[in-house]
Amino acid sequence: MTSILNLSQKVMGKVHTKLTIINRGDQIRAKDGTITEDKIRSVTLDRVLVDTGATTLCLPPEIIAKLGLELLKEVDVATAMGIGKARIFRDATISLYGREGTFECLELPGGRDPLLGVIPLEMLGLEPDLKNQSLKVLPTESVDTYLTIL
């Protein structure tokens, strides 16, 4: 039995990814000339945990502050420690694997590592590959496209 457990630990693993997060409001202001391109706030994070137990992008407060994201609302969230309050911020554009989208961002308690949840993954056509500890980029063209309207 020990050998089966050891094998599964070697085969399955966590997926981490590098992603860039950009303040979408800054991008809009730069486009209309209100600010210059060099004033667009962004961060690149090297080891963001892909977490299929998380709904959306989750960032610690210091990264949200650095990006200058706008508070949208406060909500109840289910955590491993029970129901708690969390703040949701708007207009976090994420870019990875040549895909880009703008999402809400949930504020994590201080000291927690960033998480990339299922909604951005699905919207960007990315799928965790636990065996290879990577993200699989799903096709956007032909009959194999991940985009569907049924």
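Participant: So what exactly am I meant to see when it comes to the overall build of the protein here?
Facilitator: For the protein, the helix and strand inventory stands at 4 helices and 9 strands. Secondary structure elements of the protein occur, N-terminal to C-terminal, as α-β-α-β-β-α-β-β-β-β-α-β-β. Within the span of the protein, comprising 150 residues, buried residues form 33% of the whole. For the protein, long-range pairs separated by at least 24 residues make up 58% of all intrachain contacts whose partners lie at least 6 apart in sequence.

Participant: Is there a simple way to think about the pattern of salt bridges in this case?
Facilitator: Here the idea is simple: oppositely charged side chains can pair when their charged atoms come close. Going through the model one piece at a time under the given rule, you end up with 5 salt bridges. Notably, a salt bridge pairs R41 with D26, separated by 2.8 Å at the nearest N-O pair. Residue R41 is located in the loop between α2 (24-31) and β2 (42-50), and its partner D26 is located in helix α2; the two are separated by 15 residues in the primary sequence. Through salt bridges with shared partners, one network takes in D26, R29 and R41.

Participant: I tried to follow the pairing of strand β1 (residues 16-23) on my own but got confused; where do I start?
Facilitator: Looking along a regular strand, one sees side chains alternate from face to face of the sheet. Pairing analysis gives 6 bridges linking β1 to β2, with the strands arranged antiparallel. Note on β2: the bridge partner recorded for H16 is L49. As paired strands, β1 and strand β5 (residues 82-96) are joined by 4 bridges and run antiparallel to one another. Looking at the pairing, T20 lines up with S95 of β5.

Participant: Would you mind showing me how to read the layout of surface pockets here?
Facilitator: Any empty space left between atoms is shown by rolling a water-sized probe over those atoms. In this structure, the largest pocket occupies an estimated 590 Å³ of space. Elements that contribute at least two residues to the lining of the largest pocket include exactly β4 (70-79), β5 and β6 (99-107). Sorting elements by how many residues they give to the lining of the largest pocket places β5 first, with 5 residues. For the lining of the largest pocket, the residue count by class is 12 nonpolar, 5 polar and 6 charged.

Participant: Whenever I open this one, the nonpolar core confuses me. Can you help?
Facilitator: Most often, soluble globular proteins have nonpolar side chains that are buried together. Ranked by internal contacts, the top residues of the largest apolar core, which has 24 residues, are I21, L57, L59, I94, L96 and L116. Of all the secondary-structure elements, those providing two or more residues to this core are β1, β2, β3 (57-59), α3 (61-67), β5, β6 and α4 (118-124). Not counting the four nearest positions on each side in its chain, L57 is found in contact with I21, A92, I94, E104, C105, L106, L115, L116, G117 and P120. C58, V77, I88 and L108 belong to the second-largest nonpolar core, a separate cluster that totals 8 residues.

What counts, and at which threshold
- Residues numbered from 1 in each chain as written.
- Predicted model: local features only at pLDDT ≥ 70, side-chain atom pairs only at ≥ 80, totals over all residues.
- Heavy atoms only, no water.
- Helix = DSSP H or I, 4+ residues; strand = E, 2+ residues; numbered from the N terminus.
- Buried < 20%, exposed > 50% of the residue type's maximum accessible area, 1.4 Å probe, protein only.
- Contact = heavy atoms within 4.5 Å.
- Salt bridge = Lys/Arg side-chain N within 4 Å of Asp/Glu carboxyl O.
- Pairing = 2+ DSSP bridges.
- 1 Å grid on protein atoms, 1.4 Å probe; cavity = no way out; pocket = protein on both sides within 12 Å on 5 of 7 lines; lining within 4 Å.
- Points joined across faces, edges and corners; volume = space filled by probe spheres on them.
- Nonpolar A, V, L, I, M, F, W, Y, C, P; charged D, E, K, R; others polar.
- Core = buried A, V, L, I, M, F, W, Y, C linked by side-chain atoms within 4.5 Å.

Any link to function would need more than the numbers given here.
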